[in-house]
Amino acid sequence: MEVKTKLLVSLYFVIALLALLTTWVHLPAYLGSGIVEANIQFWKDALFNANPAGKFLVIDILFLAFVCNVWMIIEGRRLGVKYIYAYIAGGVLIAISVAFPLFMAARELKRASHESPLELHKIKVVDVLVLLCLFLVAVFAAIAIL
C-alpha cells in the first residue's frame, strides 16, 4: 500500500475519532432515560427546542447525511465495499461525522487492494428503499420545524 493511501486512511480514522469524542461528549444528559426515551428527547431538543441556528444546522446535517448515504451506497456497491449498511446505521445511531470518515477509510483500503479494473456492483432495490426513507426523514424534519 502506498504511503499516500496509508496517510489518507489514518487521517480518516483520526477525523472519525475526533468526531466521536466531540459529538458524544454532549450526550450524557440524555443517557439516563433509556435508549428510546433518550432518542425522543434528543430529537425534540434538536428539532423543536433549539434556536433558529440550531434548527438550521440540524436540517443542514440531515440533508448532508442523506447525500453522504447516497454516495456511500453507490460508491460502496461500485467498489464492493463490505458492510455498507453498517456505515449507514452508524451515521444514524452514532453520528454521520463518525461513519462517513470510516467509510472513506474503507473505500481507500478497497481501492488500494484492486490491481485490476474494478468489477461493477449494481445498486439493489433495498438500497433505493433505505435512501428513500432517509430522504423522507430529512424532508419531514425540515417541514416539522418550519
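Look a little higher up for the structure.
This section reports on the structure supplied with the text.

What counts and what doesn't
- Residues numbered from 1 in each chain as written.
- Predicted model: local features only at pLDDT ≥ 70, side-chain atom pairs only at ≥ 80, totals over all residues.
- Heavy atoms only, no water.
- Core = buried A, V, L, I, M, F, W, Y, C linked by side-chain atoms within 4.5 Å.
- Buried < 20%, exposed > 50% of the residue type's maximum accessible area, 1.4 Å probe, protein only.
- Helix = DSSP H or I, 4+ residues; strand = E, 2+ residues; numbered from the N terminus.
- Contact = heavy atoms within 4.5 Å.

**Some thoughts on the nonpolar core**
Within the largest apolar cluster, 19 residues are counted, with the highest numbers of intra-cluster contacts made by Met72, Ile73, Val81, Tyr87, Ile88, Ile96 and Phe103. Of all the secondary-structure elements, those providing two or more residues to this core are helix 1 (3-24), helix 4 (52-79), helix 5 (84-113) and helix 6 (125-144). It is helix 5 that contributes the most residues to this core, 8 residues altogether. Among all residues touching Ile88, those that are not within four sequence positions of it are Asn69, Met72, Ile73, Val130 and Leu134. Membership of the second largest hydrophobic core comes to 9 residues, among which are Ala46, Val58, Ile59 and Ala142.

**Overview of unusual backbone geometry**
Positive phi, close to 60°, is recorded for Tyr83, a residue that is not glycine. With respect to the element layout, Tyr83 can be found in the loop between helix 4 and helix 5. The exposure class assigned to Tyr83 is exposed, which follows from its relative accessible area of 65%.

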